[in-house]
Amino acid sequence: MVWNVVRYRKQDWFETAARVLVEQGPGRLRVDALCQAAGMTKGSFYHHFRSLEDFTEAFLGYLDRRGAQQPLAELARVETPRARLQALVETIAAEDLALEAAIRRWAVTERAVAEHVARVDTARGELVSRLYQGLLPADPKQARDLTRLAQAFYLGAVLLDPPVQGDEYRRLARLLDRGLEGHDA
């Protein structure tokens with residue numbers, strides 16, 4: 001007899017948790033609810049994670065890699081600040097911002113999640129600041145103002161219902177880009 005064993009990897013658990021977080025909220029990030037959503041047993045869950053706390057810590061690491069480390073590393077390979085800024089807009093426009101909004105709602109009630117959001121926001125803000133400083137080296141005040149405006153635009157895009165994404169995000173980002181008119185960096 002051949003057993004058909006489904007291998008459910010850690011990555012699969014994280015993707016399930018992201019879907020549950022968006023669709024049902026953070027209160028459903030429990031072992032039984034995750035197993036039900038995944039169609040897997042608790043044994044499968046505990047094969048990968050010692051406890052719900054262990055899972056949550058690993059899930060936050062996954063969210064950090066997905067939402068900050070990986071995209072920022074990819075953007076760092078883009079050569080010029082202008083091209084990097086355009087690539088950033090494309091990266092954000094291609095994302096489903098519902099997960100970002102769900103993480104921020106979860107952060108209201110969970111300290112570890114709030115700390116995660118603060119770390120990610122800091123890393124993203126530093127990148128955007130470097131971009132505008134590179135584009136506007138002679139005007140640091142305008143670079144700072146555009147950094148804050150870009151951050152406010154992103155957070156507003158995430159938190160509006162429905163989120164601003166796709167072509168709408170690209171179109172509105174072009175309006176922000178007008179602050180760079182006359183700067184060829």
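Note that the structure is a prediction, hence the values are computed from the model and not measured.

What counts, and where the lines are drawn
- Residues numbered from 1 in each chain as written.
- Predicted model: local features only at pLDDT ≥ 70, side-chain atom pairs only at ≥ 80, totals over all residues.
- Heavy atoms only, no water.
- Helix = DSSP H or I, 4+ residues; strand = E, 2+ residues; numbered from the N terminus.
- Buried < 20%, exposed > 50% of the residue type's maximum accessible area, 1.4 Å probe, protein only.
- Contact = heavy atoms within 4.5 Å.
- Areas by Shrake-Rupley, 256 points an atom, 1.4 Å probe, with all protein chains shown as cover.
- Lys, Arg positive; Asp, Glu negative; His and termini not counted.
- Charge placed at Lys NZ, Arg CZ, Asp CG, Glu CD.
- Core = buried A, V, L, I, M, F, W, Y, C linked by side-chain atoms within 4.5 Å.
- Axes fitted to C-alpha atoms, helices over the stretch in contact; angles between N-to-C directions.
- Parallel < 35°, antiparallel > 145°, perpendicular 65-115°, else oblique.
- Left-handed = near helix turned anticlockwise from the far one by under 90°.
- Phe/Tyr/Trp six-rings, centres within 6.5 Å; stacked < 30°, edge-to-face > 60°.
- Salt bridge = Lys/Arg side-chain N within 4 Å of Asp/Glu carboxyl O.

**Student:** Please explain the overall build of the protein as it appears in this structure.
**Tutor:** For the protein, the helix and strand inventory stands at nine helices and zero strands. Mapped from its N terminus to its C terminus, the protein presents α and β elements in the order α-α-α-α-α-α-α-α-α. Once the C-alpha set of the protein is aligned to its principal axes, its extents read approximately 70 × 35 × 25 Å. Scored against the burial criterion, the 185 residues of the protein give a buried share of 40%. Contacts in the protein between residues at least 24 apart in sequence constitute 62% of all its contacts with a sequence separation of at least 6. With an accessible surface of roughly 11,100 Å², the protein has 52% of that area assigned to carbon and sulfur atoms. Taken together, the 26 basic and 26 acidic charged side chains of the protein have centroids lying 3 Å from each other.

**Student:** Sorry, what's going on with the nonpolar core here?
**Tutor:** Where a protein is soluble and globular, its nonpolar side chains tend to be buried together. By size, the foremost hydrophobic cluster in this structure holds 28 residues, and its most contacted members are L88, I92, L97, L127, Y132, Y154 and Y169. Elements with a contribution of two residues or more to this core: α4 (52-76), α5 (81-94), α7 (111-135), α8 (140-159) and α9 (166-177). Among the elements that line this core, the one with the most residues is α8, at seven residues. Leave out the neighbours within four places in its chain, and L88 touches L75, L127, V128 and L131.

**Student:** Just to check I follow, could you spell out the packing of α5 against α7 for this structure?
**Tutor:** A pair of packed helices is characterised by two quantities: the angle between their axes and the separation of those axes. Put simply, α5 and α7 touch, their axes get as near as 9 Å, and they point 140° apart. By the angle class used here, α5 and α7 are oblique. The chirality of how α5 crosses α7 is left-handed. Every residue of α7 that contacts α5 at P81, R82, R84, L85 and L88 is listed here: L127, V128, L131, Y132, G134 and L135.

**Student:** Would you take a moment to explain the side chain of D64 for this structure?
**Tutor:** Mapped onto the fold, D64 is located in helix α4. Discounting residues that sit within four places of it in the chain, D64 has contacts with Q69, H116 and V120.

**Student:** How should the packing of aromatic side chains be read in this particular structure?
**Tutor:** Centre distance and the angle of the planes are the two values used to describe a pair of aromatic rings. Counted according to the given criterion, the structure contains 14 aromatic pairs. Between F14 and F49, the ring centres sit 5.8 Å apart and the planes meet at 50°, which makes this aromatic pair tilted. Highlighted residues: F14 in helix α1 (residues 10-24) and F49 in the loop between α3 (42-48) and α4, separated in sequence by 35 residues. Both residues of the pair, F14 and F49, count as buried. Arranged with centres 5.2 Å apart and planes meeting at 90°, the rings of F45 and Y46 form a pair that is edge-to-face. Here F45 falls in the buried class, since its relative accessible area comes to 0%. The exposure class assigned to Y46 is partly exposed, which follows from its relative accessible area of 41%. Among the aromatic side chains, those forming a connected cluster through ring pairs are Y8, W13, F14, F45, Y46, F49, F55, F59, Y62 and W106.

**Student:** Would you mind going over the pattern of salt bridges with me for this structure?
**Tutor:** Any two side chains of opposite charge can pair, on the condition that their charged atoms come close. Throughout the structure, instances matching the rule amount to 12 salt bridges. With its nearest N and O atoms 3.4 Å apart, the salt bridge here joins D32 to R30. According to the relative accessible area criterion, D32 is partly exposed, its value standing at 39%. Its relative accessible area of 34% is what places R30 among the partly exposed residues.

**Student:** Would you take a moment to explain unusual backbone geometry for this structure?
**Tutor:** Negative phi values dominate among residues other than glycine, just as trans dominates among peptide bonds. With an omega of 0°, the peptide bond running from D161 to P162 counts as cis. Its location among the elements puts P162 in the loop between α8 and α9.

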